[in-house]
Each structure stands twice: as structure tokens, then as C-alpha cells.
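Fold and geometry: a report
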Amino acid sequence: MIYKADLHTHSTASDGQYPPAELARLAAKRGMDVWALTDHDNLDGLDEAAETAQSLGLQFIHGVELSADDYLNLHILGYDFSVSTMRPWIDGKKKGRDDRKYRIWRFLKGKGVDVPLEEVDAEAAGGAVGRPHFARVMLRHGVASTWKEVFDLYLDTPEFQEIEKGTKPSAQECIERIKDAGGKASLAHPYQIVLHGESLEELVRRLAGYGLDAVECRYPIHTPEQTAEYLRIAKTYGLHVSGGSDFHGESKPDHPLAAWELELDWLL
Ligand code: AMP
Ligand code: ZN
Ligand code: FE
Ligand code: FE
């Protein structure tokens, strides 16, 4: 059966703009049948999201987006896992995010950029701190003039990648933990991994071997050629076609909430 769905969204529990309840209302307004909340390394928004979605008659799937160590921006989406099984591990990652915050701060200081950490914390407003929170503060202080520039010059450089090495779980661990908790695993925004052709296929084949269920083929900024490539690879390895917007709020206008038409029998 085909559903209108967005299986990749962020709330204030990580680096999104809207609290989970508000996001649920926006999702219902967008005309979705099925909505998943997938905050970065964080499960704190799920209860509020589930409650509000239910009151709106919107089918909710609890999720999470995990950053894997194998490649920069290799992200694994987990869905419908046992929250109590996953929680201790994910909560441990929150501590990791806290350590990372200081690592990023020191890295920027080494580049001559002094970012007031209390302002970064204020941006995160109690949610898990991420690079976008740093980016907002840096823009406010005139460190760079555009969002893209902040990432190109500081937060997404090869040097930045070095400080991340060895701090994240492998994709294998992410997938196996999701599967062991009874969930489903999907490869997020494949274009961001910056692999093509044979090397992307090699990665997907390996992830399928660990139990990957789906590939996020439908994504707002995939080109038609990229979408076609991901659909072909998914089919080759017997993976389901998933889709999400990566909605974070108005700060990312290229990622509006989506209502992809998806076959979701594998998930529901
Ligand atoms: P983090 O979870 O701290 O690694 O931050 C990930 C978020 O940073 C993503 O969801 C994007 O919002 C943002 N981001 C990462 N790389 C880039 C980039 N090259 N350009 C713009 N935003 C980026
Ligand atoms: Zn994010
Ligand atoms: Fe991501
Ligand atoms: Fe995301």
C-alpha cells in the first residue's frame, strides 16, 4: 500500500527549529499519512511527538538518525526499534555529543575563532548540540557571511573530519543495534556520502549484509539522476525505497516537509 510519508525530520530535541508537538501539527497540515521523527543521536522528542501525532490522527513512527564513523555524513536512520533497548546506548551518545562540543570549540579556537559556548548552548536550548548551533552563533558574530561559508571554511573541512575520527560508532554497529532492538535501518541521504558508481554500490552491498532495510532514495535535493541511481542500487540489493525531507525548520529552505508516496509495508 502507498502512503504519503516523511521519514526524516528534526525537532528541538536535536538541531531542528520546532518542538516535537509543533512539528506533528506541521506534518499533519502537510497532508502526510505517516511521519517519523529522527533527531540526531537523541530520543527525547519521541514521546511528545507520538502523543501529538496520535491526537491528530497521524501515524507516527519513532526514529533516530545516527552518525557513523566510516565516512563523513554517513548517517543511518533507525525506525520502530524498542526504545528501552536503544535508550542506554543513545543516552551514552549524548555524553559523547557534550565532549564533542568542547572538541569543536577547541578546534575553532585553534583557527582563531573564539565561539562563546554559552551562546551555543542557548541555541541548542537543552537539545543535543550540533554543528548548526555553532554555525548560527558564528554567523551572528560575523565569522562568515553565509551558512555555506561557515561549513566550507570551518565545520565541514577535511581538518574538521580529522577531529571526528574514531569518535562515532561504525555503520555496522549502528545497523546491528537497530536490528537487535527489533527496528528497521535505512541509509540516509546517499548523495551526502560523496561516493558514486561502484564505490557507493560496494558500500550499500556491505550495509545490506549487516541488515540494512532501505535506502532514502527520495530526498528533496537529490537530482533525477541521483534518484535513479539510488533506486537502481536499492533494487539490486533487495532494499526498500524510503524517503524523507531532513526538515530542520525555515533555516534550511531546500528541505521543506515532504509527503513522498512510499510503499511502506516493510515498516508498518
Ligand atoms: P552534526 O549532527 O553536528 O554533525 O550536524 C549535522 C548538521 O550540520 C546537518 O544536519 C546539517 O544541518 C549541517 N551540515 C553538515 N554539513 C553541512 C554542510 N556542508 N553545509 C551545510 N550544512 C551542513
Ligand atoms: Zn540536523
Ligand atoms: Fe543526516
Ligand atoms: Fe537529518
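Residues numbered from 1 in each chain as written. Chains lettered and ligands numbered in written order. Predicted model: local features only at pLDDT ≥ 70, side-chain atom pairs only at ≥ 80, totals over all residues. Heavy atoms only, no water.

**Some thoughts on the domain arrangement of the protein**
Its domain assignment divides the protein into domain 1 (2-91 + 183-204 + 211-229 + 238-263) and domain 2 (98-164). Computed over C-alpha atoms only, the centres of domain 1 and domain 2 are separated by 24 Å. Each partner contributes to the interface: domain 1 provides nine residues, whereas domain 2 provides ten residues. Summing the contributions of domain 1 and of domain 2, the shared interface buries around 750 Å²; its carbon and sulfur component is 47%. Here domain 1 and domain 2 share zero salt bridges between them. (Domains from an automatic or database assignment. Contact = heavy atoms within 4.5 Å. Buried area = accessible area lost by both parts, 1.4 Å probe. Salt bridge = Lys/Arg side-chain N within 4 Å of Asp/Glu carboxyl O.)

**With respect to the coordination of the zinc ion (ligand 2)**
With distances of 2.0 to 2.5 Å, the protein atoms coordinating the zinc ion (ligand 2) are Asp15 (OD), Asp15 (OD), His40 (NE2) and His248 (NE2). Metal-to-metal, the separation of the zinc ion (ligand 2) and the iron ion (ligand 4) is 4.5 Å. On the criterion of sequence distance, the pair formed by Asp15 in the loop between strand S1 (2-6) and helix H1 (20-29) and His40 in the loop between strand S2 (34-37) and helix H2 (46-55) is long-range, its members being 25 residues apart. One exposure class covers both Asp15 and His40, and it is buried. (Donors = N, O, S within 2.8 Å, 3.2 Å for Na, K, Ca; no water. Helix = DSSP H or I, 4+ residues; strand = E, 2+ residues; numbered from the N terminus. Buried < 20%, exposed > 50% of the residue type's maximum accessible area, 1.4 Å probe, protein only.)

**Some points on the environment of Ala125**
With respect to the helices, strands and loops of the structure, Ala125 is situated in the loop between helix H4 (117-124) and helix H5 (131-140). Residues Ala125 and Ser14, 111 residues apart in the sequence, show an inter-C-alpha distance of 9.3 Å.

**Some points on the nonpolar core**
Counting residues in hydrophobic clusters, the biggest one holds 45 residues, and the most contacted among them are Trp35, Leu74, Ile76, Leu187, Leu207 and Leu212. If we ignore the near neighbours within four places in the chain, the residues touching Trp35 are Asp6, Thr9, Pro20, Leu23, Ala24, Ala27, Ala49, Ala53, Leu58, Gln59, Phe60 and Ile61. Within the second largest apolar cluster, 19 residues are counted, among which are Val115, Val120, Met138 and Leu155. (Core = buried A, V, L, I, M, F, W, Y, C linked by side-chain atoms within 4.5 Å.)

**Structural notes on the pairing of strand S6 (residues 214-218)**
Among the five residues in S6, four count as buried, and that is most of the element. Both strand S5 (residues 184-187) and S6 contribute to a ladder of two bridges, which runs parallel. Within S6, the residue paired with Ser186 across the bridge is Ala214. Pairing between S6 and strand S7 (residues 240-243): four bridges, direction parallel. Residue pairing for S7: Glu216 is matched across the bridge by Ser242. (Pairing = 2+ DSSP bridges.)

**Notes on the coordination of the iron ion (ligand 3)**
Glu65 (OE), His75 (ND1) and His189 (NE2) make up the full set of protein donors to the iron ion (ligand 3), lying at 2.0 to 2.2 Å. Spacing between the donor residues of the iron ion (ligand 3) along the chain follows E-x9-H-x113-H. The metal-metal distance between the iron ion (ligand 3) and the iron ion (ligand 4) is 3.4 Å, with Glu65 serving as a donor to both. Here His75 is found in strand S4 (residues 74-79), whereas its partner His189 is found in the loop between S5 and helix H9 (197-210), with 114 residues between them in sequence.

**Some points on the packing of H1 against H2**
In contact at an axis separation of 8 Å, H1 and H2 are set at 35° when each is read in the N-to-C sense. Our pair here, H1 against H2, has a crossing hand that is right-handed. Across the interface between the two elements, Pro20, Ala21, Ala24 and Arg25 of H1 pack against Glu48, Ala49, Thr52 and Ala53 of H2. Within the contact of H1 with H2, the residues separate by chemical class into five nonpolar, one polar and two charged. (Axes fitted to C-alpha atoms, helices over the stretch in contact; angles between N-to-C directions. Left-handed = near helix turned anticlockwise from the far one by under 90°. Nonpolar A, V, L, I, M, F, W, Y, C, P; charged D, E, K, R; others polar.)

**Here's the deal with the site of ligand 1**
Ligand 1 sits among Asp15, His40, Arg97, Arg100, Gly130, Arg131, Pro132, Trp147, Phe151, Asp156, His248 and Lys252. A distance of 2.7 Å separates an oxygen atom of ligand 1 from a polar backbone atom of Arg131. Calculation on ligand 1 without its partners gives an accessible area of 500 Å², and the protein chains cover 84% of this total. Elements represented by at least two residues in the shell around ligand 1 include exactly helix H3 (83-110), H5 and helix H6 (147-155). Class assignment of the residues belonging to the shell around ligand 1 gives a composition of three nonpolar, three polar and six charged. Each of domain 1 (2-91 + 183-204 + 211-229 + 238-263) and domain 2 (98-164) contributes no fewer than three residues to the shell around ligand 1. (Near = heavy atom within 4 Å. Polar contact = N/O pair within 3.5 Å; in protein donor to acceptor, adjacent residues only side chain to side chain. Areas by Shrake-Rupley, 256 points an atom, 1.4 Å probe, with all protein chains shown as cover.)

**Re H5**
Across the ten residues that make up H5, a large majority, seven, are buried. Within H5 the residues assigned to the buried category are Arg131, Pro132, His133, Phe134, Ala135, Val137 and Met138. In this structure, the buried residues of H5 make contact with H3, H4, H6 and helix H7 (158-164). Just downstream of H5 lies Gly142, where phi reads positive at about 75°.

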